[in-house]
Amino acid sequence: MDGEKKKLALNIVSSKVNHKGFGAGAIDLSNVSSIIIDGDEAYLDNGALHAKSKIEKGIKFSVNKEDVPNGRKSWIVWVAVDRTEEGAYYAGLTACEMLVDTEARRGWKILADHVNKMDAAMKRKFVLDGLDEKERAALKNQLIAHNEEWWNRSDQSLKDALS
């Protein structure tokens, strides 16, 4: 260990613990989840936080769309939840496109876009560009099915974006 520098790593920490020292974390993912939109289906899959969602497992991703000519369009939607005195609500949602060819075990996504969009969701932004009407409806239905009270307390701009 002598002479070796400590490597800086991304720490995922909880606000419930007071972390100190080298590389102390700055990101709290305890209030972030992910919803996968795959065709007509939208479902909660927190494996996406570590690129291990059901749809991503076993897929070799490329940054070139040309590498996935038969890929189907899918989305990871980062969902941030916040709480007020009235209760929890959906505070930030951002959608990230992917192409997945399950048969060929190939996919396309831009990791930097996924990281930046997760950050935007954590900053309480709504970025749902690219979702078509069917995908928006599936996302809205999943949010309501997961917790209708959270949906009811959410900002009107989210409801408008998904209507």
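Residues numbered from 1 in each chain as written. Predicted model: local features only at pLDDT ≥ 70, side-chain atom pairs only at ≥ 80, totals over all residues. Heavy atoms only, no water.

Examining the overall build of the chain
- Scanning the chain from N- to C-terminus turns up four helices and seven strands.
- When the helices and strands of the chain are listed from N to C terminus, the series reads β-β-β-β-β-β-α-β-α-α-α.
- A burial count over the chain gives 38% of its 163 residues as buried.
- Of the roughly 10000 Å² of accessible surface on the chain, 49% is carried by carbon and sulfur atoms. (Helix = DSSP H or I, 4+ residues; strand = E, 2+ residues; numbered from the N terminus. Buried < 20%, exposed > 50% of the residue type's maximum accessible area, 1.4 Å probe, protein only. Areas by Shrake-Rupley, 256 points an atom, 1.4 Å probe, with all protein chains shown as cover.)

Remarks on the nonpolar core
- Val77, Val79, Tyr90, Leu93, Leu128, Leu139 and Leu143 are the most contacted members of the largest nonpolar core, which has 19 residues in total.
- Elements represented by at least two residues in this core include exactly β1 (32-38), β4 (72-84), β5 (87-101) and α2 (133-146).
- Ignoring anything within four residues of it in the chain, the contact list for Val77 reads Ser33, Ser34, Ile35, Ile37, Leu93, Thr94, Ala95 and Leu139.
- If you look at the next biggest cluster of nonpolar residues, it comprises 14 residues, including Ala80, Met98, Met118 and Ala121. (Core = buried A, V, L, I, M, F, W, Y, C linked by side-chain atoms within 4.5 Å. Contact = heavy atoms within 4.5 Å.)

Overview of helix α1 (residues 111-122)
- Helix length check: α1, at twelve residues, gives a terminal C-alpha distance of 17 Å against a target of 16 Å (1.5 Å per residue), a fit within 8%.
- Every buried residue of α1 is accounted for by His114, Lys117, Met118, Ala120 and Ala121. The arc enclosing the buried residues of α1, seen along the axis, measures out at 160°, which places them on a common side. Counted as exposed and oriented over 90 degrees from the buried face of α1: Leu111 and Asn116. (Expected span 1.5 Å × (residues − 1). Arc of directions from axis to C-beta.)

Let's talk about unusual backbone geometry
- Here the phi dihedral of Arg105 falls at roughly 60°; this positive angle occurs in a residue that is not glycine.
- Positionally, Arg105 belongs in the loop between β5 and β6 (106-108).
- A positive phi angle, close to 70°, is found at Arg124, a residue other than glycine.
- Look at Arg124 and you get partly exposed, because its relative accessible area is 34%.

Points about the environment of Glu148
- By the element assignment, Glu148 lies in helix α3 (residues 148-153).
- Of the residues examined, Glu148 reaches a relative accessible area of 47% and is grouped as partly exposed.
- Remark: the alpha-carbon pair of Glu148 and Tyr89, spanning 59 residues in sequence, is separated by 9.4 Å.

Focus on the environment of Asn70
- Mapped onto the secondary structure, Asn70 falls in the loop between β3 (60-62) and β4.
- Asn70 sits 36 residues away from Arg106 along the chain, and the two C-alpha atoms are 9.3 Å apart.

Considering the pattern of salt bridges
- Enumeration according to the criterion identifies seven salt bridges in this entry.
- Taking the shortest distance from any N to any O, the salt bridge between Glu56 and Lys109 comes out at 2.5 Å. A residue pair is termed long-range when its members are at least 10 positions apart, and Glu56 in the loop between β2 (41-44) and β3 and Lys109 in the loop between β6 and α1 qualify at 53 residues. Like Lys109, Glu56 is buried.
- For Asp113, the salt bridge identified is with Lys117, shortest N-O distance 3.4 Å. (Salt bridge = Lys/Arg side-chain N within 4 Å of Asp/Glu carboxyl O.)

A look at the confidence of the model for the chain
- With 82% of its residues at a pLDDT of 70 or more, the chain shows a mean pLDDT of 85.
- Considering only residues more than four positions removed or in separate chains, one finds that residues 6-27, a stretch of pLDDT under 50, has 22 contacts. (pLDDT = per-residue confidence, 0-100.)

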